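# Chains, contacts and geometry: an overview
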Amino acid sequence: MILTDEEKACLQGSHGEANRLAVELLVRVGEAFGSERLIPITSAHILGHYGSLHQAGIDFLETLAEGGGQCRVPTTVDPSSVDFDRWEQFRVPEDYVKKQKRLQIAIGKLGVIPSWSCTPYFAHNVPRFGQNIAWAESSAVAYANSVIGARTNRTPFGLDICAAITGKIPEFGLYVEKNRRGSVLFEVELDALSDLDYHTLGAIVGRRSGSRIPVIKGIPPDVTNDRLKCFGAGAASAGSVALYHALGITPEAQLKDPFDGRRPEEIFTVSRKDLRDMEDQISTADPDSKVEMVTLGCPLLSIGELKAVFQKMRDRRVRKDILFWIYLSQETYDLGRALGLVDPLEKAGIWFSTQTCATISPVKVWGFSHVMTNSAKCALVVPSEHNLSIAYRDTDGCILTATEPV
Amino acid sequence: MGSAREVVRGRGVTPGQGQGKALVSTQPFMFAHGVEPQSGDVIDMRSDMLGENIKGKVLIFPFGKGSTTGSAWFLETIRQGNGPSAVINVETEPIIASAIVMARFLYGIAIPLVDRLEKDITDFVTEDATVQVNGDTGEVTIVS
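Residues numbered from 1 in each chain as written. Chains lettered and ligands numbered in written order. Predicted model: local features only at pLDDT ≥ 70, side-chain atom pairs only at ≥ 80, totals over all residues.

### Considering the overall build of chain B
Stated precisely, the cut-off is as follows: Under the scheme used here, helices are H or I runs from DSSP no shorter than 4 residues and strands are E runs no shorter than 2 residues, and both carry numbers assigned from the N terminus. This radius of gyration counts C-alpha atoms alone. The globule rule is 2.2 Å times how many residues there are, raised to the power 0.38. Counting other C-beta atoms within 10 Å of each residue's C-beta, where C-beta atoms are placed from the backbone, gives the exposure class: buried for 20 or more, exposed for 12 or fewer, partly exposed between. With C-beta atoms placed from the backbone, a contact is any residue pair whose C-beta atoms sit within 7 Å.
What chain B contains, in helices and strands, is 2 helices and 10 strands. In terms of overall dimensions, chain B is globule-like: its C-alpha atoms have a radius of gyration of 14 Å, near the 15 Å expected for 144 residues. Each principal axis of the C-alpha distribution contributes one length, and for chain B these read about 40 × 30 × 25 Å. Counting only residues that meet the buried cut, chain B has 52% of its 144 residues in that class. The long-range share in chain B, meaning contacts at least 24 apart out of those at least 6 apart in sequence, stands at 76%.

So this is what it looks like as structure tokens:
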């Protein structure tokens, strides 16, 4: 790799221990991927939840914080493994909370914006088209690359904070124009796609694409950002889709042919039956078994989605024998409260939780065996670890299961 | 047997020497929710290595997949002393490489990572073969 004088000096320790460590990690990884240089980034989004970071993650972030590390670009953080305000209500063991708080402290010292949200592109960290950024969180990576046209790889834990501290990332993968070409085509010939269909379509595209870049034809031009958020989350978790092109929608596909004149390697058509088959695959639950908890908000619920829940909850309340948990960012919660959406829903028995989400919580402590969600990502990520059976239904189905008429 | 040691060349991504029994998967492998750090057991229900243990093994798989938290899961597995003695990939990726680099920084544990071998390793390495990996030179030696 060709390094600048400043980068070389960093490697010698001239900018402190954290910078030395960070540049060395970037260079080592860059060399492994044939990068010729480090390129500047304008934003970072890092992981910070104890459930996945473990003690090793605490060690790494504390080492950087003690070594004087400071974010050089605006940097937000993904949800925590606990809700710092409501962990007692959610029966999270105190030892576990202490570990998450150590991460919180280290992240604070490093100068990270404590957003604790998987949708940084809606607030506090909105990149522009063509900017190089270094984001972790696969669903946010899919959104930033595809819907916005910013550029990032799926930045792993470790590399994410090193990029934030140095303001740099090795140039490889999706930072390179030619690697952003589409390679497989999905033809979606369906009308009236529902919210759930976008999650499911994402899962189909993810599973069939693997790590190839999909191009999707047939998503209607008036699709909402919320639906693209859900589509990308499904695609990123069922496969490893970091970038997709939706014809007529995503910016790179509007500027030029996403296949760059080549033929697609493979063409898939997606039918209504494909959607139903994928729904059945995502649902692992026996239809007769009793749901113990219903959860919405993966990715975190937006204000628009919260309004929709509010409307469907009119004259209904949560059943006594079931828990109904909704995850959203602190801002969305505060906004929802200001709009008068939150208090009536809490009175109706819904538990809101901010700064965290179901998929990265210590699910085992709750002892659930049967959970219902409207999110393909949530369903796909949770079961392998926690042996849960998952019922996958649309928001209406979730609300009808969790509630009864007043 | 001993004289017929086969040496295959690849690319050394991270330095160090490692030796152990081969544990081979022909599928993309994930550490996030895929390996239990406190035991080294493979817990990914979709993996062909489900139920195996990676501790001290030469872990062979085509490439990594899954969540970007995988590097933390892998790093924690190494921290708890349950990491592999070496890793061989067809083509490695940042999750695997970052974890190994961080492990050397934090815990002084060097795990050689080699990829891009000149031959398909699954053709000549059988499960339980003893394999030696040199991350400095990129050489992989089948000991027995």
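### Considering the overall build of chain A
If you tally the helices and strands in chain A, you get 15 helices and 16 strands. Seen through its C-alpha atoms, chain A measures out along the principal axes to roughly 70 × 55 × 40 Å. Considering chain A as a whole, with its 406 residues, one finds that 52% of them fall into the buried category.

### Observations concerning the sheet that holds strand β6 (residues 58-61) of chain B
Residues and elements named next belong to chain B. So the rule is basically this: For two strands to be treated as a pair, DSSP must find no fewer than two bridges joining them. Note on geometry: axes are C-alpha line fits, over the in-contact stretch for helices, and angles between N-to-C directions span 0 to 180 degrees.
Reading across from one edge, β1-β10-β9-β3-β6-β7-β8-β2 is the order of the 8 strands in this open sheet, with mixed pairing throughout. Looking along the sheet, the strands with just one partner apiece sit at the ends: β1 (6-9) and β2 (11-14). Taking each pair of neighbouring strands and ignoring which way they run, the sheet shows an average axis angle of 30°. Against the sheet, helix α2 (residues 94-107) contacts β2, β7 (86-89) and β8 (113-115), and its axis sits at roughly 55° relative to β2.

### Re the interface of chain A and chain B
Applied cut-off: As a working rule, the residues Ala, Val, Leu, Ile, Met, Phe, Trp, Tyr, Cys and Pro are called nonpolar, Asp, Glu, Lys and Arg charged, and the rest polar, with Gly in that last group.
Across the contact, 27 residues belong to chain A and 26 residues belong to chain B. Those elements that provide at least two residues to the side of chain A that touches chain B are α2 (17-32), α3 (50-66) and α14 (376-386) of chain A. Looking at the side of chain A that touches chain B element by element, the count peaks at 9 residues for α3 of chain A. Looking at the side of chain A that touches chain B residue by residue, the classes come out as 12 nonpolar, 11 polar and 4 charged.

### Here's the deal with helix α4 (residues 94-109) of chain A
All names here are of chain A. Under the convention used in this document: Helix span, expected: 1.5 Å multiplied by one less than the number of residues in the helix. Comment: arc refers to directions from the helix axis out to C-beta atoms.
For α4, which comprises 16 residues, the first-to-last C-alpha distance of 22 Å matches the rise-based estimate of 22 Å (1.5 Å per residue) to within 8%. Considered for burial, the residues of α4 that qualify are Q100, L103, Q104, A106 and I107. Here the buried residues of α4 occupy an arc of 170° about the axis, which is enough to place them on one side. Opposite the buried face of α4, at more than 90 degrees from it, the exposed residues are E94, D95 and K98.

### Topic: the domain arrangement of chain A
You'll often see interface size given as the accessible area lost when the parts meet. Residues and elements named next belong to chain A. Which entries qualify depends on this criterion: What marks off one domain from the next here is an automatic or database domain assignment.
We note that the domain assignment places domain 1 (5-176), domain 2 (181-281) and domain 3 (284-405) within chain A. Between the C-alpha centres of domain 2 and domain 3 there is a distance of 26 Å. Between domain 2 and domain 3, the contact holds 14 residues from the first and 13 residues from the second. For the side of domain 2 that touches domain 3, the class distribution of residues is 4 nonpolar, 6 polar and 4 charged.

### Some details on the packing of helix α7 (residues 195-209) of chain A against helix α10 (residues 272-282) of chain A
The relative placement of two packed helices is expressed as an angle between their axes plus a distance between the axes. Residue and element names in this part refer to chain A. Keep this limit in mind: Oblique is the label for every angle not falling under 35 degrees (roughly parallel), over 145 degrees (roughly antiparallel), or within 65 to 115 degrees (roughly perpendicular).
In contact at an axis separation of 9 Å, α7 and α10 are set at 85° when each is read in the N-to-C sense. On the basis of their axis angle, the class for α7 and α10 is roughly perpendicular. Counting all contacts with α7, which are made through D197, T200, L201, A203 and I204, the residues of α10 involved are D274, L275, M278, E279 and I282. Grouping the constituent residues of the contact of α7 with α10 by class yields 6 nonpolar, 1 polar and 3 charged.

### Re the nonpolar core
What counts here: By definition, a nonpolar core groups buried Ala, Val, Leu, Ile, Met, Phe, Trp, Tyr and Cys residues that are joined through C-beta atoms within 7 Å.
Membership of the largest hydrophobic core comes to 164 residues, with the highest contact counts inside it found for L26 and L64 of chain A together with I60 and I88 of chain B. Once residues lying within four places of it in the same chain are set aside, the contact partners of L64 of chain A are A18, L21, A22, G69, L110, I161 and I165 of chain A.

### Comments concerning the packing of α3 of chain A against helix α1 (residues 70-79) of chain B
The cut-off we apply is this: Two helices crossing with the near one rotated counterclockwise from the far one by less than a right angle form a left-handed crossing, whereas a clockwise rotation gives a right-handed crossing.
Two numbers describe how α3 of chain A lies on α1 of chain B: the axes approach to 8 Å, and their chain directions differ by 50°. Taken together, the axis directions place α3 of chain A and α1 of chain B in an arrangement best described as oblique. For α3 of chain A against α1 of chain B, the interelement crossing comes out left-handed. Contacts between α3 of chain A and α1 of chain B involve S52, L53, H54, Q55, A56 and G57 of chain A from the first element and A72, W73, L75, E76 and R79 of chain B from the second. Counted by class, the contact of α3 of chain A with α1 of chain B contains 5 nonpolar, 4 polar and 2 charged residues.

### Structural notes on the pairing of β6 of chain B
Residues and elements named next belong to chain B. Side-chain alternation along β6 places V58 and I60 on one buried face and L59 and F61 on a second face that is also buried. Pairing of strand β3 (residues 17-24) with β6, which is carried by 3 bridges, proceeds in the parallel orientation. Bridge assignment links A22 to a residue of β6, and that residue is V58. As paired strands, β6 and β7 are joined by 4 bridges and run parallel to one another.

### Some thoughts on the environment of V29 of chain A
Following the sequence through the fold, V29 of chain A ends up in helix α2. Taking the C-beta count within 10 Å as the criterion, V29 of chain A has 30 such neighbours and is therefore assigned buried. Put simply, V29 of chain A and P170 of chain A are 141 residues apart on the chain and 7.6 Å apart in space, counted from C-alpha to C-alpha. When sequence neighbours within four positions are dropped, the list of residues in contact with V29 of chain A reads L159 and P170 of chain A together with P94, A97, S98 and V101 of chain B.

### Some remarks on unusual backbone geometry
The amide bond that connects C298 of chain A to the next residue, P299 of chain A, takes the cis arrangement and shows omega of -10°. Positive phi is not limited to glycine here, since D315 of chain A has a value of about 60°. Its location among the elements puts D315 of chain A in the loop between α11 (303-312) and β11 (316-318). D315 of chain A gets classed as exposed once you count the C-beta atoms within 10 Å, which come to 8. Despite not being glycine, H33 of chain B has its phi angle at roughly 60°, a positive value.

### Some details on the environment of Q311 of chain A
All names here are of chain A. Mapped onto the fold, Q311 is located in helix α11. The exposed category is assigned to Q311, around which 9 C-beta atoms lie within 10 Å. Along the chain, Q311 and D260 lie 51 residues apart, while their C-alpha atoms are 45 Å from each other.

### So, the sheet that holds strand β10 (residues 293-301) of chain A
All names here are of chain A. Within the open sheet, the 5 strands sit side by side as β13-β12-β10-β14-β15. Their pairing is parallel. Only two strands of the sheet have a single neighbouring strand rather than two, namely β13 (351-354) and β15 (389-392). Averaged over all pairs of adjacent strands, the angle between strand axes in this sheet comes to 25°, irrespective of strand direction. Here β10 runs beside strand β12 (residues 323-328); their pairing, made up of 5 bridges, is parallel. Residue pairing for β12: L301 is matched across the bridge by L328.

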